[in-house]
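If you want the building blocks of each chain, they are given just below.
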Amino acid sequence: MKDTSLDFYEGLADTYHLIFKDWYEAVQWQGDFFNRFIRSLHAVEHEGPIHLLDASCGIGTQALGIAQHNFTVTATDLSPKSIERAKKEADKLGVHVHFGVADFRSLEQDIPGQFDVVLSADNAIPHLLSDEDLREASYNFYAKLRSNGLLVLSIRDYDEILQNQQRATLPRVMDDGKRIVFQVWDWAEAGHRYITNQFIVQEIDGSWKTQVNSTSYRALLRSELSTKLEEAGFTDIMWHMPSESGFYQPILTARK
């Protein structure tokens, strides 16, 4: 499978909010959640704002909410169109975020400075399809953190998903039945790679319109991710499951 993540997010930049029932409400919820979660782990030992790098910000779902909680936020993404959309949304919400275009695998050279926290939420890491890509990203995350800095990653629960090779997500019906959102997953024969086909179906002016965007993922096991981060130098690697954290995906935390 080839890396299709750039085309996927470029194609979704204008409509990504439609995946959510209310995207602005999701921004607030995610900001509240990560503010509590990060501070509960005592991520920093100095006073003042926490300096955070959101390394897969998309249109700003996490970054814009976090920026409202005394964080100094730098937000980067592979997709230039997503970054342009995120800038517009930041202006609408009246929050200040430093934006840039960068790849996980080149953060050290693309983004100046170091941070108290590096974040990548909502299953962006499994776009790294090979061990080499995952290893390179892990070293770049490590390079961007200050001493004792905190890495925070969330991914789907592939340990569970691989047991039954889930084929689709349940349709979510919104806007009084005028918007339907779901995914169909096409698995490769080897069983650890799949293509997500993201469907957004809407009734617009009496006609039904369907948008489909596709991208490749690696079904990344928790042990595989933990091992690569340990090889990069991370310590105190911990997994926080949804039943414990209240988040909708497993979250990994690690220390530099």
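Everything discussed here concerns the structure shown above.
First things first, this report covers the structure right here in the doc. (Residues numbered from 1 in each chain as written. Predicted model: local features only at pLDDT ≥ 70, side-chain atom pairs only at ≥ 80, totals over all residues. Heavy atoms only, no water.)

## Concerning the sheet that holds strand β2 (residues 71-77)
Taking strand neighbours across the sheet as the criterion, the seven strands line up as β3-β2-β1-β4-β5-β11-β10 in an open arrangement whose pairing is mixed. Each having just a single partner strand, β3 (98-101) and β10 (235-240) make up the two edges of the open sheet. Neighbouring strand axes in the sheet, compared pairwise and without regard to direction, differ in orientation by 15° on average. Summarising the sheet, strand β5 (residues 145-154) and strand β11 (residues 251-255) pair through five bridges and their orientation is antiparallel. Bridging from a neighbouring strand, Leu-150 pairs with Arg-255 of β11. In this fold helix α4 (residues 80-93) packs onto β2 and β3, with an angle of close to 170° to the strand it touches most, β3. (Pairing = 2+ DSSP bridges. Helix = DSSP H or I, 4+ residues; strand = E, 2+ residues; numbered from the N terminus. Axes fitted to C-alpha atoms, helices over the stretch in contact; angles between N-to-C directions. Contact = heavy atoms within 4.5 Å.)

## Concerning the side chain of Ser-5
Tracing the chain through its elements places Ser-5 in helix α1 (residues 5-12). Sequence-distant contacts of Ser-5, defined by excluding residues within four places in its chain, comprise Leu-78, His-127 and Thr-215.

## Points about the pattern of salt bridges
Under the definition given, this model contains 14 salt bridges. Here Glu-89 ties to Arg-85 by a salt bridge, and the two come within 2.8 Å at their closest N and O atoms. A residue pair is termed a helical-turn pair when its members lie 3 or 4 positions apart in one helix, as Glu-89 and Arg-85 do in helix α4 at four residues. Here Glu-89 matches Arg-85 in class, with each residue buried. Arg-105 is paired through a salt bridge with Asp-103; the nearest N and O atoms lie 2.7 Å apart. You can call Asp-103 buried: its relative accessible area is 16%. Here the residues in one salt-bridge network are Arg-85, Glu-89 and Lys-92, joined through shared partners. (Salt bridge = Lys/Arg side-chain N within 4 Å of Asp/Glu carboxyl O. Buried < 20%, exposed > 50% of the residue type's maximum accessible area, 1.4 Å probe, protein only.)

## Quick look at the sheet that holds strand β9 (residues 207-218)
Strand pairing in a sheet relies on backbone hydrogen bonds. The paired strands run either parallel or antiparallel. The four strands are arranged β6-β7-β8-β9 in an open sheet whose pairing can be described as antiparallel. Each edge of the sheet is formed by a strand with only one pairing partner; in this case those strands are β6 (172-174) and β9. In this sheet, neighbouring strand axes are inclined to one another by 20° on average, regardless of whether the strands run parallel or antiparallel. Pairing of β6 with strand β7 (residues 179-187), which is carried by three bridges, proceeds in the antiparallel orientation. Bridge pairing in β7 links Met-174 to Arg-179.

## So, the side chain of Gln-62
You can see Gln-62 is positioned in the loop between β1 (50-54) and α3 (63-66). Since its relative accessible area comes to 3%, Gln-62 is described here as buried. Apart from the residues within four sequence positions on either side, Gln-62 is in contact with Gln-30, Phe-34, Asp-54, Leu-119, Ala-121, Asp-122 and Tyr-248.

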